Amino acid sequence: MSKNKIALVTGGSRGLGKDMAINIAKKGIDVIITYHSNTKAAEAVIAEVESLGQSCEAFQLDSSNTSQFDEFFNKVSSYLKSEKGTDRFDFLINNAGTGLYELISETSEDQLDAMYNIHFKSVYFLTQKAIPFMNNGGRIINISSGLVRYSFPTASAYACMKGAVEVFTRYLAKELAPRKIAVNTVAPGAIATDFGGGENKTNTKKIEFISGSTALGRMGQPDDIGGVVAFLCTEDAKWVNGQRIEVTGGMLL
Ligand SMILES: NC(=O)c1ccc[n+]([C@@H]2O[C@H](COP(=O)([O-])OP(=O)(O)OC[C@H]3O[C@@H](n4cnc5c(N)ncnc54)[C@H](OP(=O)(O)O)[C@@H]3O)[C@@H](O)[C@H]2O)c1
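What you are looking at is a predicted structure, and each value in this text was computed from that prediction instead of being measured.

> Hey, could you run me through the pairing of strand 1 (residues 6–9) in this one?
Across a regular strand the side chains alternate sides, sitting on one face of the sheet and then on the other. Residues of strand 1 alternate between two faces, with I6 and L8 on one and A7 and V9 on the opposite face, all of them buried. Where strand 1 meets strand 2 (residues 30–35), 4 bridges bridge the pair, whose relative direction is parallel. Within strand 2, the residue paired with I6 across the bridge is D30. In this view, the connection linking strand 1 to its parallel neighbour strand 2 by way of helix 1 (residues 15–26) has right-handed handedness. Pairing of strand 1 with strand 4 (residues 89–94) involves 3 bridges; the strand directions are parallel. Across the sheet, the residue bridging to L8 is L92, located in strand 4.

Structure follows, in structure tokens:
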């Protein structure tokens, strides 16, 4: 048995996932992250988590390729057995993803399929394959988007998949109840990361618009989100289940 609880954060190498990994570690939880191609960024997160006194391991995963998932969990369970004396972990955070800004009139089938694969199919089957490796009483946190509640042109394909993730969250909460696994959605607003080409960091017009539509008056930052996800991994959040928690600074209230 591992002495610490263990969280698996997909897309933990950069942006929101990196901040989640760090804040989860601050709660005394060990971390496993996945990354797609940025090995250096993943190594930096390992070093940062280890400096906080928790263990961290990174695995490469293309979450749009479900055929990799069995092999991925083989590797995770071998790591857990050898390093932790268990093949189980406690918290799954489905975070990895990429952006698409395209009008409905311009969106191709390939683009829609890509959004479906990375934002919904992958979350569905990664979760399905993760469940046998999760301890009873664990938690699943699915990352959605404020764009499910409010609508902006060019976000349709992306936002529809996040909408599906929110419905999936409620079904998971029902079906995993016998194992006392709580499942919630965290829906961030616009956050200044590399997402969608990094325009939330660089597009001054968009930054002004977002700041003006947000009660707290600014663009979101990665460290606005990780602490909320970490909280959902604590005992204090044990009665939160099947919920959508929007973390936008009060956008378009
Ligand atoms: N930023 C926002 O404004 C915002 C708002 C609401 C919701 N979200 C959601 O938050 C999540 C994280 O976004 P972010 O802003 O942190 O993005 P980000 O900074 O671009 O980071 C994306 C992360 O996902 C990984 N990734 C990319 N493609 C992948 C693939 N095919 N398979 C597996 N992993 C992959 C990346 O790994 P590498 O480092 O190896 O590339 C990286 O760790 C996404 O689900 C996004 O939809 C973001």
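Here the narrative resumes, following the displayed structure.
> What exactly am I supposed to notice about the layout of surface pockets here?
By rolling a water-sized probe across the atoms, one finds the places where empty space is left. Of the voids in this model, the largest pocket is the one considered here, and its volume is about 1000 Å³. Around the largest pocket, the lining is made up of 47 residues, and of these G97, T98, T193, F195 and G196 lie nearest the centre. Elements with a contribution of two residues or more to the lining of the largest pocket: helix 1, strand 2, helix 4 (109–130), helix 5 (156–175), helix 6 (195–202) and helix 7 (204–212). Looking at which element gives the most residues to the lining of the largest pocket, the answer is helix 6, with 4 residues.

> Would you take a moment to explain the packing of aromatic side chains for this structure?
Centre distance and the angle of the planes are the two values used to describe a pair of aromatic rings. By the definition in use, this model includes 12 aromatic pairs. The interplanar angle of 55° and the centroid separation of 5.6 Å between the aromatic rings of Y150 and F152 together place this pair among those described as tilted. With relative accessibility at 7%, the residue Y150 sits in the buried group. Since its relative accessible area comes to 26%, F152 is described here as partly exposed. An aromatic cluster is built from F59, F72, F73, Y79 and F133, whose rings are joined through pairwise contacts.

> What is the right way to read the side chain of Q54 from this model?
For Q54, the location among the structural elements is in the loop between helix 2 (39–51) and strand 3 (56–60). Side-chain polar atoms of Q54 contact the backbone oxygen of G28, separated by 3.2 Å. Of the polar contacts made by the side chain of Q54, one reaches the side chain of D30; its length is 2.8 Å. Excluding its chain neighbours within four sequence positions, the residues that come into contact with Q54 are N4, A25, G28, I29, D30 and V49.

> I would appreciate a short explanation of the site of the ligand in the present structure.
Taken together, 32 residues lie near the ligand, and S13, S37, N95, Y158 and T193 sit nearest. A distance of 2.6 Å is found between an oxygen atom of the ligand and a side-chain nitrogen or oxygen belonging to Y158. Between the ligand and K162, the relevant distance is 2.9 Å, taken from an oxygen atom to a side-chain nitrogen or oxygen of the residue. Protein contact buries 95% of the 900 Å² of open area that the ligand shows by itself. With respect to the detected pockets, the ligand is housed in the largest pocket. Within the residue set of the shell around the ligand, elements represented by two or more residues are helix 1, helix 4, helix 5 and helix 6. The residue makeup of the shell around the ligand, split by class, is 11 nonpolar, 17 polar and 4 charged.

> Just to check I follow, could you spell out the pattern of salt bridges for this structure?
Opposite charge on two side chains lets them pair, provided their charged atoms get close. Evaluated as defined, the whole model comprises 11 salt bridges. Measuring nitrogen to oxygen at the nearest pair gives 2.7 Å for the salt bridge that ties R149 to E246. Residue R149 is found in the loop between strand 5 (134–143) and helix 5, and its partner E246 is found in strand 7 (residues 244–247); the two are separated by 97 residues along the sequence. Ionic pairing is found between K201 and D194, a salt bridge with its closest N-O pair at 2.7 Å. The exposure class of K201 is partly exposed, given its relative accessible area of 47%. It is possible to trace a salt-bridge network through shared partners that takes in R149, E166, R244 and E246.

The rules behind these values
- Residues numbered from 1 in each chain as written.
- Predicted model: local features only at pLDDT ≥ 70, side-chain atom pairs only at ≥ 80, totals over all residues.
- Heavy atoms only, no water.
- Buried < 20%, exposed > 50% of the residue type's maximum accessible area, 1.4 Å probe, protein only.
- Helix = DSSP H or I, 4+ residues; strand = E, 2+ residues; numbered from the N terminus.
- Pairing = 2+ DSSP bridges.
- Right-handed = clockwise from strand over helix to strand, strands pointing away.
- 1 Å grid on protein atoms, 1.4 Å probe; cavity = no way out; pocket = protein on both sides within 12 Å on 5 of 7 lines; lining within 4 Å.
- Points joined across faces, edges and corners; volume = space filled by probe spheres on them.
- Phe/Tyr/Trp six-rings, centres within 6.5 Å; stacked < 30°, edge-to-face > 60°.
- Polar contact = N/O pair within 3.5 Å; in protein donor to acceptor, adjacent residues only side chain to side chain.
- Contact = heavy atoms within 4.5 Å.
- Near = heavy atom within 4 Å.
- Areas by Shrake-Rupley, 256 points an atom, 1.4 Å probe, with all protein chains shown as cover.
- Sits in = over half its atoms within 2 Å of the grid points.
- Nonpolar A, V, L, I, M, F, W, Y, C, P; charged D, E, K, R; others polar.
- Salt bridge = Lys/Arg side-chain N within 4 Å of Asp/Glu carboxyl O.

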